[in-house]
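Listed below are the residues making up each chain.
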Amino acid sequence: MWASEGWGGNFEDAINWKVGDGRVISFWEDSWLNCGALKKVFSRLFSFSTVKDAKVAQLGSWNNGVWVWSLEWRRSFFEWEKPLESRLLQFLLGTRLVLGETDNWLWEVGEFQNYSVTSAYVLLRRDREEVLPNVYSRLWRCKALPSATLTAWRVLENRIATSVNLESRGIVVDNPLCCLCGMEEESNCHLFFVCRFAWLVWCLCFEWLGVTFVIHSDPVLNFIQFGMCNASGQINEFWGVIWVGVVSEIWKHRNNVIFNREKVDVLEVFALV
Ligand SMILES: [Zn+2]
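Below is a summary of the structure that appears in this document. Predicted model, so just to flag it, every value in this text is computed and none were measured. (Residues numbered from 1 in each chain as written. Predicted model: local features only at pLDDT ≥ 70, side-chain atom pairs only at ≥ 80, totals over all residues.)

Looking now at the overall build of the chain. Of regular secondary structure, the chain possesses 13 helices and four strands. Per-residue burial for the chain yields a buried fraction of 22% across its 273 residues. Here the contacts in the chain between residues at least 6 apart in sequence split such that 60% fall between residues at least 24 apart. (Helix = DSSP H or I, 4+ residues; strand = E, 2+ residues; numbered from the N terminus. Buried ≥ 20, exposed ≤ 12 C-beta atoms within 10 Å, placed from the backbone. Contact = placed C-beta atoms within 7 Å.)

If you want it as structure tokens, here you go:
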């Protein structure tokens, strides 16, 4: 249930791996390094891995009692990709495999130390009640164009076809850099909130509205914070419409730049919002 509805994050958080000889843990799929599944954290590297379902033990060997990692890639890296590999190796440095011990997982949800249906249910309820309070009801109340609202929903759910999301599904993208700035990989957070282009569009909107805001890079937190404390429901619905407008126009512009070879133009996007 949680996988199909995008509620898998906290479920994975409840499982803590105790690394043994690395024969059970899936290197890319399992969340075994306290940073989430490596295929999500290092989606680009994952798309270049030669064995996507490799167990930890398959990606290194013992040398005089010391575990040495040997990761294999389908091609050598571009200059800008090399720091990604170094970062992954840094993560791996802190791990210690133990010969003769089987990998084990521990289940921890509050006071529950052993897996049970009750503890899983507690976790699911906690996910639903704490993570996204009223976010979707606010979104669906917005009187924006249905297609724009749908784009905004995809952004909140991280289901929009950015190059990082495509790569996490194993699709190799020719140029994964953001087409609006050319500086960083096109992730959901980057494209809509961190990118210099997006940042300028948001700033123009704030100037027009006569307010100042911190631009949060997490879509859900950004949407929650985008509104006026103590304002009436109607005013906050208006803010919701602006948010949906900015996000959907950035997405449309990005598609026009890629597929129709249009010029990158901040003012045009602002005017359309
Ligand atoms: Zn960018």
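Having put the structure on the table, let's press on.
Moving on, we come to unusual backbone geometry. Positive phi, normally seen in glycine, also occurs at Asn 158, with a value near 55°. Structurally, the position occupied by Asn 158 is in the loop between helix H7 (146-156) and helix H8 (163-168). Of note in the backbone geometry, Arg 261 takes a positive phi value of approximately 55° without being a glycine.

As a further point, take helix H4 (residues 82-93). Residues lying three or four places apart along an α-helix face the same way, a consequence of the helix completing one turn every 3.6 residues. Compared with the 16 Å implied by 1.5 Å per residue over 12 residues, the 17 Å span of H4 between its first and last C-alpha is a close match. H4 sits mainly on the outside: zero of its 12 residues count as buried. (Expected span 1.5 Å × (residues − 1).)

Along the polypeptide, Asp 30 turns up in the loop between strand S1 (15-18) and helix H2 (38-41). On a C-alpha basis, the gap between Asp 30 and Lys 55 in space is 9.5 Å, while along the polypeptide they are 25 residues apart.

What follows is about the nonpolar core. Membership of the largest hydrophobic core comes to 24 residues, with the highest contact counts inside it found for Phe 192, Ala 198, Val 201, Val 246, Val 247 and Ile 250. Counting only elements with at least two residues in this core, the list comes to H7, helix H9 (188-194), helix H10 (196-209) and helix H12 (233-259). Ranked by the residues each element gives to this core, the list is headed by H12, at six residues. Discounting residues that sit within four places of it in the chain, Ile 250 has contacts with Leu 191, Phe 192, Ala 198, Val 201 and Val 269. Ranked by size, the runner-up nonpolar core spans 10 residues in total, among them Phe 27, Ala 37, Phe 42 and Phe 46. (Core = buried A, V, L, I, M, F, W, Y, C linked by C-beta atoms within 7 Å.)

Taken together, the four bridges between strand S2 (residues 60-63) and strand S3 (residues 66-69) define a ladder with antiparallel strand orientation. Bridge assignment links Ser 61 to a residue of S3, and that residue is Val 68. The loop that links S2 with its antiparallel partner S3 comprises two residues; one of these, Asn 64, has a positive phi angle of about 50°. (Pairing = 2+ DSSP bridges.)

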